Amino acid sequence: MISFGRRRILAALLAAFVVLTVWRARQLSAPSGGPAPAEPVTETPKYAPEEDYFWRTIEHNFPVDPSRMRPLPTSAAATLPPVQARFPPESAEQRAVRLGRRDDVKESFVKSWNAYKKHAWLHDEVAPVSGSSKDPFGGWGATLIDALDTLWIMGLKDEFEYAAYDVEKKALFLSTASSEINVFETTIRFLGGLLSAYDLSGDRRLLAKAHNVGDMLYKAFDTPNHLPVARWDLHDAARGSKQEAQASSLLAEIGSLAMEFTRLSLLTEDPKYYDAVQHISELLAASQAETKLPGMWPVVVDARRGHFDAGSTYTLGGMADSAYEYLPKMMALLGQQDGIYRDMYTRSMEAADEHLFYRPMTPTGEDILFPGFVDVDADDPSRKRTLRPASGHLTCFTGGMLALGARLTSRGDHLSWADKLTNGCVWAYGSFATGVMPETFYLTPCAGRDACPWDATKWLADVASAHGSGDKEAQAIVAKERLPQGFSRIMDARYILRPEAIESVFIMYRVTGDRAWQDKAWDMWKAIDNLTSTKLANSAVRSMNPPEGEEVEMADSMESFWLGETLKYFYLIFSEPELISLDEWVFNTEAHPFKRLR
């Protein structure tokens, strides 16, 4: 029998070997002016897990008893109500317009994809101005894998095969030059992208690779309470070191793993992945009514102690967003009409409607909503709550989430909220000269949601307050920061190619069948493309609200979600409604469609 000490030495040697193997593979596969032509695949290999894959062989310090794992659902528990609308027939002229718009989006995708192929193949991202490469997500080819299902959906099957070949041969998922990886980002981009590409294509090479990624990530759950290490030192884990979940974790990073791990369990028929994330969901459900804002969870949670009310700020925005998004989506994925996901969804949205949703004061009186932030005074016995009317791109998914939830739960009020929230983001886009909204901003809230007449004096006072200035300085602040009426402050003026607004517009179109959403999407698309287009691809910009006459400053960044999410949603809203029907598919938070359980 090998002693514990020797096992640790062997594990360390193996980890070193893995690093050297990855390094050598990168040297051998580094493209010179683009990747070498892929060898043709004449027959799709039969799927079989790699038994000697490193992360599948490493021992767990806190193994889960297989006999106590939660049973894996094998079929939908109920027939859920239809999500998609019945679409009216379109005229030849309408079809020509729609297809012209779709092809415009596709051309942009091909341009960006070719830039990635030429300048950053097998790296995470291409720099769309300089033509260099970046590796912020472990160096495992984030753009390559995020774009697989978009290639398939757009009918670019030769490019899909070209990419899938190198994913199989060169995306190793063993080690990384990064000191740690973000388990959430790796899950939604890599595991989600591979699972979706398999669901669409049936290519078992991609399922095998997804299985590898899942077993690597499953090691992050090897903690005393089986909650994952959100920011994970996989080098330390490879050496066999014991690990604990972090005492300060973000809600989204802990609560947004359910879809990917569940789909992996369904495809591999191995319940351990589902068991791991269902454990998290049950803890969320048990704590939901006991938080400082009952019905919601704060941005910060303590995963080490399993305490889901550690912080005092509550929002549907960044750092919390997808934990809420996945509640109705898990209903759709598993075909569950009732149960903890429906319960958590309805309770959280009731709390959000009561405490977070606010109507902004606008010059023309739009009846729109935004979700804000609520800070709870933990030291006040009455739990005093303060609304901060801050919003931005990462809250713009909310309309789409509610539209899906409205259909699955037959809640007309949720669809009304969805309409107002989505139109709020459309309004924010159109409020700026460039036609694109900033990353984050503050608005002047109405006193309530009923009639809200425009009051310029109140708005200017709000501008002054938001900047810590006197009322006399308000007009100068508005001029200097180029604030549209109704906006009190722009906290972050970047536009980083985000998809959340078009995501909700797309879902509202599919849910209602109203072609007006396509026109809104087209206005958004032209504004985004005009603002971000470079010679090579599209780039994030440092400010979407530059002074008049000044050129937009490019940030030389194109995150993988540009090809994986933003362009996919724009393409789908101008495609036939049957393409990725929401009655058959459900998207993860990185816009990767999974087949719904039947």
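Before any of the text, the structure's been laid out above.
Quick caveat: nothing in here was measured; it's all calculated off a predicted structure.

Q: Explain the pattern of salt bridges to me, please; I cannot follow it from the model alone.
A: It is possible for side chains bearing opposite charge to pair when their charged atoms get close. Using the criterion set out here, one finds 35 salt bridges in the structure. For the salt bridge of Arg 449 with Asp 353, the shortest nitrogen-to-oxygen distance reads 2.8 Å. Separated by 96 residues along the polypeptide, Arg 449 in the loop between strand S13 (440-443) and helix H17 (456-466) and Asp 353 in helix H14 (residues 340-355) bring together distant segments of the chain. Here Arg 449 falls in the partly exposed class, since its relative accessible area comes to 32%. Among the residues examined, Asp 353 registers a relative accessible area of 21% and is labelled partly exposed. In this structure, Arg 542 engages Glu 553 in a salt bridge whose closest nitrogen and oxygen atoms are separated by 3.1 Å. Taken together, the residues span a long stretch of sequence, with Arg 542 in the loop between helix H20 (516-532) and helix H21 (561-573) and Glu 553 in the loop between H20 and H21 at a distance of 11 residues. Judged by relative accessible area, Arg 542 falls into the partly exposed class, the value being 43%.

Q: Hey, could you run me through the layout of surface pockets in this one?
A: Regions of empty space are outlined by a rolling probe, equal in size to a water molecule, passed over the atoms. Of the voids in this model, the largest pocket is the one considered here, and its volume is about 840 Å³. Residue assignment for the lining of the largest pocket shows that the elements contributing at least two residues are helix H7 (183-201), helix H10 (251-255), helix H13 (321-334), strand S12 (390-392), S13, helix H19 (500-512) and H21. Partitioned by chemical class, the residues of the lining of the largest pocket number 17 nonpolar, 11 polar and 16 charged.

Q: Would you take a moment to explain the state of the cysteines for this structure?
A: One way to say it: the disulfide is the covalent bond shared by the sulfur atoms of two cysteines. For the coordinates displayed, the defined rule picks out two disulfides. With its sulfur 2.0 Å from that of its partner, Cys 396 forms a disulfide with Cys 425. Around the S-S axis, the bridge from Cys 396 to Cys 425 shows a dihedral of about -105° and counts as left-handed. Of the two residues, Cys 396 is situated in the loop between S12 and helix H15 (398-409) and Cys 425 in helix H16 (residues 412-430); the sequence distance between them amounts to 29 residues. Overall, the relative accessible area of 5% leaves Cys 425 in the buried class. Sulfur-sulfur distance for the disulfide between Cys 446 and Cys 452 comes to 2.0 Å. Looking down the S-S bond of the Cys 446 and Cys 452 bridge, the torsion is -95°, so its handedness is left-handed. Across the pair, Cys 452 and Cys 446 agree in class, each one buried.

Q: I keep staring at the packing of helix H3 (residues 92-120) against H21 and nothing clicks. Help me out?
A: Between H3 and H21, the least distance of the axes is 9 Å, while the angle of their chain directions is 165°. With respect to each other, H3 and H21 are oriented roughly antiparallel. Both H3 and H21 take part in a crossing whose hand is left-handed. Residue-level inspection shows Arg 102, Val 105, Lys 106, Ser 108, Phe 109, Ser 112 and Trp 113 of H3 in contact with H21, the latter providing Trp 562, Leu 563, Leu 567, Phe 570 and Tyr 571. Of the residues that constitute the contact of H3 with H21, the class distribution is eight nonpolar, two polar and two charged.

Q: Where do I start with H17 in this structure?
A: Three or four residues apart is the spacing at which side chains of an α-helix point the same way, because the helix has 3.6 residues per turn. Taken residue by residue, H17 has Trp 459, Leu 460, Val 463 and Ala 464 as its buried positions. All buried residues of H17 project into a common sector of 140° when viewed along the axis, lining one side. Along H17, exposed side chains directed more than 90 degrees from the buried face belong to Thr 457 and Ser 465. For H17, the capping residue at the N-terminal end is Asp 455, with a side-chain oxygen 3.1 Å from the backbone nitrogen of Thr 457. Just beyond H17, the residue with positive phi is Gly 468, at close to 65°.

Q: Quick question: what am I supposed to make of the sheet that holds strand S11 (residues 385-388) here?
A: Paired through their backbone hydrogen bonds, the strands of a sheet run either parallel or antiparallel. Read across the sheet, three strands follow the order S7-S10-S11 without closing on themselves; strand pairing throughout is antiparallel. Two strands in the sheet have a free side with no partner beyond their single neighbour: strand S7 (313-315) and S11. Here the average twist between neighbouring strands, direction ignored, is 25°. For S7 and strand S10 (residues 373-376), the ladder comprises three bridges, and the chain directions are antiparallel. Paired with Thr 313 across the bridge in S10 is Asp 375.

Q: Explanation requested: the packing of aromatic side chains in the structure shown.
A: For any pair of aromatic rings, geometry is given as the distance between the ring centres together with the angle between the planes. Considering all chains together, one arrives at 31 aromatic pairs under this definition. Look at Phe 173 and Phe 190: their rings are 5.6 Å apart centre to centre, the planes differ by 75°, and that puts the pair in the edge-to-face class. Of this pair, Phe 173 sits in the loop between helix H6 (157-170) and strand S3 (181-182) while Phe 190 sits in helix H7, and the two are 17 residues apart along the sequence. When its relative accessible area of 0% is taken as the criterion, Phe 173 is described as buried.

Calculation rules
- Residues numbered from 1 in each chain as written.
- Predicted model: local features only at pLDDT ≥ 70, side-chain atom pairs only at ≥ 80, totals over all residues.
- Heavy atoms only, no water.
- Salt bridge = Lys/Arg side-chain N within 4 Å of Asp/Glu carboxyl O.
- Helix = DSSP H or I, 4+ residues; strand = E, 2+ residues; numbered from the N terminus.
- Buried < 20%, exposed > 50% of the residue type's maximum accessible area, 1.4 Å probe, protein only.
- 1 Å grid on protein atoms, 1.4 Å probe; cavity = no way out; pocket = protein on both sides within 12 Å on 5 of 7 lines; lining within 4 Å.
- Points joined across faces, edges and corners; volume = space filled by probe spheres on them.
- Nonpolar A, V, L, I, M, F, W, Y, C, P; charged D, E, K, R; others polar.
- Disulfide = S-S within 2.5 Å.
- Axes fitted to C-alpha atoms, helices over the stretch in contact; angles between N-to-C directions.
- Parallel < 35°, antiparallel > 145°, perpendicular 65-115°, else oblique.
- Left-handed = near helix turned anticlockwise from the far one by under 90°.
- Contact = heavy atoms within 4.5 Å.
- Arc of directions from axis to C-beta.
- Polar contact = N/O pair within 3.5 Å; in protein donor to acceptor, adjacent residues only side chain to side chain.
- Pairing = 2+ DSSP bridges.
- Phe/Tyr/Trp six-rings, centres within 6.5 Å; stacked < 30°, edge-to-face > 60°.

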